[in-house]
Structure formats: structure tokens, C-alpha cells
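The chain contents come next:
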Amino acid sequence: MLGVRLREAGWGYGFVAVPIAVFGLFFVYPFGYALYISFFHWGILGKQAGGAGTFNYDKVVHDPVFHTALKNIAEYTLGVVPLTMALGLSLALVINQKIRGRNFFRSAFYFPSIASSVAITTIALYLFNANGLFNHIIGSKTPWFQNAPTVMWAIVGLNSWTSAGTAMLYYLAALQSIPTDVYEAAAVDNTGAWRTFWRITFPLLRPAHFFVLVIFGIGALKLFDQAFVVSNGLGGPNYSTYTPVLYIYREAFTTFDFGVAAAAGVLLFALIFVLTLAQRLTVGREEAA
Amino acid sequence: MTLQTVAAADPFIPRRARSEVARKAFFYAVIVLVAAIFFVPFIYTLTTSFKTLPDAANVTFIPHPWTSSAWHTIWTQYDFKTYIKNSVFLALVVTVCNIFLGGLGGYAFARLKFPGRELLFLLVLGTLMIPDQLRLIPVFVMLTNWHLIGNFSGYILINLVTATNLFFMRQYFLTIPKDFEEAAKLDGAGYFKTFWRVMLPLALPAISALVILQFQGTWNDFFWPLILFGQGNPAHYTIQLGLAELDFQYTVLWPQICAGSILAILPILAIFLAFQRYFISGVVSAGVKG
């Protein structure tokens, strides 16, 4: 009996060995290593002279470029998250009706979500260039993605359009789990559609709102691909597309200051960690309740 | 239009029903319009890719004249042939590794008993909390020291298996009744044979979802290829890197840029159209459970 259990344990360790090695080597160890690097002067050739200290954090926290990156990402997040949620919920409400061509519409709305960020951004650069389709329709000549005051909002529009389909799927799953007798009761009371939505559906979707909020909120804080593509990796014009992740990238691969890049990474992680923790705790409580 | 034809066909529709028809027609008009906002950009991009450069300045949906020269240029002169080959290679290898290792690990965590199992599983879930932006510097330093920057092995190594995939496979294995394994055991099958010949084939629905999501994830990945291949030889560029490079170098060469974007989307579109069901259920279950 002991032999059998030993054998099973042996196979168990064998099966998980490679995955655990990958996670240990490329997740857990780098986590500690990043913290370590963040306390040293560290360049492309490795650790430099001078002891440990919090100087990298001091530099990040006092760097006006990092402040701009934080301001940009705050604006972006506050714009893109509510817009994605509103669009996603509206699309889900439409798809949830008994309509002809339901699957077609669902696929059409969802499709931009699966296309690559670089390709979608490239298409947006084309449609929103000074002489592009969009300007032709509205009769303007604004280069939306090359213009400091408009570029972040252009990315907000682009990304809420792209990710609305994903939000729609989450909301759709939530809508379909609402028991129908709730609506039957409302119908008996002769409650109007608008009132039914705001008084019944919307509050019942609370867990979904929270889930979508956190998922897209965390995603928004990590904005990189679109900012990189529209600005040729430079964060311009006039720092208007600088985001925290672009800051990390540029500190690492144009300034080659790995210490500062690691410190900025740790700060971004701390922010995301708090949000994730909030989600796990709240969702756990909702499920228990 | 729908409204008029319906009304003309039957002039005796009572007022109330008529307003119902009007409401319906309005509703469909709105969602068709909204759907158009979702696919017109792609159609417009596709038609531009068949235009000449001067014609691309015209806001028209029909190329005049039609030409495939933009496609020809990106495929041969700008080497998109190589980028596509690289992306297909990486996406296939990473997906296969994830099926095998995610399946193997997922099976062990679901079914085999060994001391420390729960602790190790907690470690797996813990990795979900560590964002790429934090791993970036250490992983880059490690791969540099091992001379794995600028070649495919480094990328494959760090993407051999993800916690999401392992977790996803484990959850699926938990739903499979134990009878199948008991039967295999009675036939004298060992642990690996049971996994390979019995459990993995039973997990086909989960594998399909994993294949679609992982292939798409690797195909669309921009961050890690940029870090690992971006500073080196364009021979290692993936399609996304190649497209970004095309944007930067030839900012207004719209027919070529449009052809490149379509090419970067096309394989995923094909998979999406073929396996919509798996796509959509996979996204929801991965999101809700993960």
C-alpha cells in the first residue's frame, strides 16, 4: 500500500516538475529578483558600483515624466473603463433579446476583441489620419493620433470599441443567469421596460459590474501596445502617450537603467496587486453570501 | 424600407400593430448601423489594400484600379513571408507545449495525491498575480546571461506553460468521472499511459478552447517579441513586430499598411469563424473562473 502511494507521489511530482520549474524560474524567482534589482544601480552589464538604497524609487517618484505617465493613465482609465462597460452592457442587452441573426451580431460585436492590438491600432491610424475616412465623414482635418490633446482620447475610443465585445460576453453570461421569474413578477406589476432595467436588471448585475470593472481597470493600467504603436515607441507628441509601462520599457531599453525600470515595475505591481486583492476578496464574499 | 414594404403588403394592419412594426424596424436599423461600425473599418482597410497609392487618398470603398501590388510588396520586399512563418512557428510550438504541460500538470493537480500538492498549486495560482511588466527586467537579464535573447528558444522557454492553461485543464479534469481511470488501471495502464491515452482524449473540449485562446494569444503577442526580438535581427520578427515596423518606416504607404494589418488578423479571423462557439465559451469560462 505504501509502495503504491509512493509510486503515485513520484509520478505526481514528475508530472508537475516542468510546469513548477517554469513558474519558479520565470515568475517566482523574477519577482524577488526584480525587487532586488530595484534597490541597486543596474545597467545593461549588470550591477554597478555603489551600495543598495532606495534611490531608484526616489528617481521614479520625483520624475516629471513618470508623473505625466500617471496622469495620462489615470485619464485613460477613467475614460475607457466606464465607456467599455456601458458599450458592453448595451450590446449584451441587445443580443439578449429574441432577435434575428443573433449569432451574427454577437460575432460582429465580438470580432474586434480577438484581432491583434497592433493591427487594430494600425487600422485606426489609417481611418483617423488627417485625410482619413473619419475626418471625411465629420468634415475635419484633425490628426487624432498625432495630436497631443486628442491622442489619449482617440486611444480611449479605440480601445472601448475593441474591448466592448469582451465586456458584452461577460454581461451576457450574467444576464442569462438572472432567473426569469424576477421579470415575470415585473410584468405582472406592469412595470415598463426602462424602469425594469434600472430597478431590477441593473442592480442584479452588480457582481458582473464589479468583475468587468476590475478586469478592464487592471488592463487599462497596463496600456502599452497602442501607446507604443501610435508614438513609434517614443511616448509623444509632448509625452502625451507616455504610460507607466512605456516608461518602464523606455527606462530599460533606451536609457538602459534597469534599476529605475525595475522600481517603476514594482510600483505598478503594487497598484495592480491592491486592485486584484480587492476583487478577490469582494468576489469571494459575494459567492459566500 | 422594411417598414414600407410591410405596410404596403397589408394595408389593414391595425394601428397598434403598425407601431409595433415601426418599433421593430427602427430597432433593427439601429443594430445594423452599430454592427456596421464594427465591421466597416475592416472592409474599408481590405479594399484599400487593393488600391494604388494615389487612389488610397480617395475616400472610396471601390479601388480604381484594382491592384494586388501592395500585397506583393509586403510579401516579398518587406519580408512578411518570414514574419508570418515565424508567428506560425511560435504560435504552434507554444500551443503544443501548453496543451502537453498544462494537461500533464493539470491532471496531476486534479487526480494524483502527493505531499505538498496544495502548496504547489497555490504557487501556480500565485503566478497569476505577477504582471509581465514586473518580470520584464529580471527575465530579460536572465535570458541575456543565457544567450537566449534574439532567438526563438528564449521566447518558447518563458511561454512553455501558463498558469491559466494549467488551471483550466485541471478544472476540466475534475469534471471527468473517475471510472475511466479505474478501468485503465484494471487494464494495467501506468499513470502516464492513463493520462496520455485516456484522460487527454477525454479533455478534447477543453483542449479545443485552450488551442484557440493560446494560438490567438501568441499570434497577437507584441510585448514579449518586442523585448526579445525587437532590438535584433528582423529575421526573427513576428507578424506584429513586422507590422509595427512597417507603420514606423512607411507612415503613409496606406495600401501596404492596410495589407499588413489584414494579414495580421486573417488567420485569427479564420479560426474565429470556424470555431466561434469554443471562442466565446472559452473566453467566458476562462474569465469567470480564472
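Residues numbered from 1 in each chain as written. Chains lettered and ligands numbered in written order. Predicted model: local features only at pLDDT ≥ 70, side-chain atom pairs only at ≥ 80, totals over all residues. Heavy atoms only, no water.

**Observations regarding the overall build of chain B**
When helices and strands are counted, chain B shows 16 helices and zero strands. Each principal axis of the C-alpha distribution contributes one length, and for chain B these read about 75 × 60 × 35 Å. The buried share of chain B, reckoned over its 290 residues, is 50%. Taken as a whole, chain B presents about 13,700 Å² of accessible surface, with 68% of it coming from carbon and sulfur. Here chain B holds 19 positive side-chain charges and 13 negative ones, and the gap between their average locations is 8 Å. (Helix = DSSP H or I, 4+ residues; strand = E, 2+ residues; numbered from the N terminus. Buried < 20%, exposed > 50% of the residue type's maximum accessible area, 1.4 Å probe, protein only. Areas by Shrake-Rupley, 256 points an atom, 1.4 Å probe, with all protein chains shown as cover. Lys, Arg positive; Asp, Glu negative; His and termini not counted. Charge placed at Lys NZ, Arg CZ, Asp CG, Glu CD.)

**Observations concerning a nonpolar patch on the surface**
Among the surface-exposed residues, Trp-11 of chain A together with Phe-100, Phe-192 and Trp-196 of chain B lie close enough to one another that they form a single nonpolar patch of about 370 Å² accessible area. The class for Phe-100 of chain B is partly exposed, based on a relative accessible area of 30%. (Patch = residues over 30% accessible without salt bridge, like charges linked within 9 Å, V, L, I, M, F, W, Y side chains within 5 Å. Salt bridge = Lys/Arg side-chain N within 4 Å of Asp/Glu carboxyl O.)

**Quick word on helix α6 (residues 117–126) of chain B**
Residues and elements named next belong to chain B. Here α6 has its buried residues at Arg-117, Phe-121 and Val-124. The arc enclosing the buried residues of α6, seen along the axis, measures out at 50°, which places them on a common side. Among the exposed residues of α6, those pointing more than 90 degrees away from its buried face are Leu-119 and Leu-122. (Arc of directions from axis to C-beta.)

**So, the domain arrangement of chain B**
All names here are of chain B. Partitioning chain B into structural domains gives domain 1 (3–48) and domain 2 (78–286). Computed over C-alpha atoms, the centres of domain 1 and domain 2 are 42 Å apart. For the pair domain 1 and domain 2, the two sides together bury roughly 390 Å², of which 89% comes from carbon and sulfur. Three residues, Phe-42, Thr-45 and Thr-48, lead the burial of domain 1 against domain 2; their summed loss comes to 84% of the area buried on that side. Our count for the domain 1 to domain 2 interface comes out at zero salt bridges. Remark: the boundary between domain 1 and domain 2 carries zero residue pairs in polar contact (both at pLDDT 80 or more). Class assignment for the residues of the side of domain 1 that touches domain 2 results in two nonpolar, two polar and no charged. (Domains from an automatic or database assignment. Buried area = accessible area lost by both parts, 1.4 Å probe. Polar contact = N/O pair within 3.5 Å; in protein donor to acceptor, adjacent residues only side chain to side chain. Nonpolar A, V, L, I, M, F, W, Y, C, P; charged D, E, K, R; others polar.)

**A closer look at the nonpolar core**
Counting residues in hydrophobic clusters, the biggest one holds 182 residues, and the most contacted among them are Tyr-76, Phe-145 and Phe-224 of chain A together with Ile-137, Phe-173, Trp-224 and Ile-227 of chain B. When residues of this core are assigned to domains, at least three map to each of domain 1 (3–48) and domain 2 (78–286) of chain B. Sequence-distant contacts of Trp-224 of chain B, defined by excluding residues within four places in its chain, comprise Asp-132, Arg-135, Leu-136, Val-139, Tyr-155, Ile-158 and Phe-229 of chain B. (Core = buried A, V, L, I, M, F, W, Y, C linked by side-chain atoms within 4.5 Å. Contact = heavy atoms within 4.5 Å.)

**Observations concerning the packing of helix α11 (residues 191–202) of chain B against helix α12 (residues 204–220) of chain B**
Residues and elements named next belong to chain B. Where α11 contacts α12, the axes come no closer than 5 Å and their chain directions differ by 70°. With respect to each other, α11 and α12 are oriented roughly perpendicular. Between α11, through Leu-200, Pro-201 and Leu-202, and α12, the contact on the second element is made entirely by Leu-204, Pro-205 and Ile-207. For the contact of α11 with α12, a count of residues per class yields six nonpolar, no polar and no charged. (Axes fitted to C-alpha atoms, helices over the stretch in contact; angles between N-to-C directions. Parallel < 35°, antiparallel > 145°, perpendicular 65-115°, else oblique.)

**Digging into the interface of chain B and chain A**
At the junction of the two partners, chain B supplies 86 residues and chain A supplies 87 residues. Each partner contributes to the roughly 7,900 Å² buried at the junction of chain B and chain A, and carbon and sulfur atoms together form 81% of this total. Of all residues in chain B, Phe-38, Met-129 and Tyr-191 of chain B bury the most surface against chain A, accounting for 9% of the area lost on that side. There are zero salt bridges connecting chain B and chain A. Here chain B is connected to chain A by 10 residue pairs in polar contact (both at pLDDT 80 or more). The greatest single-element share of the side of chain B that touches chain A, amounting to 14 residues, is contributed by helix α2 (residues 15–48) of chain B.

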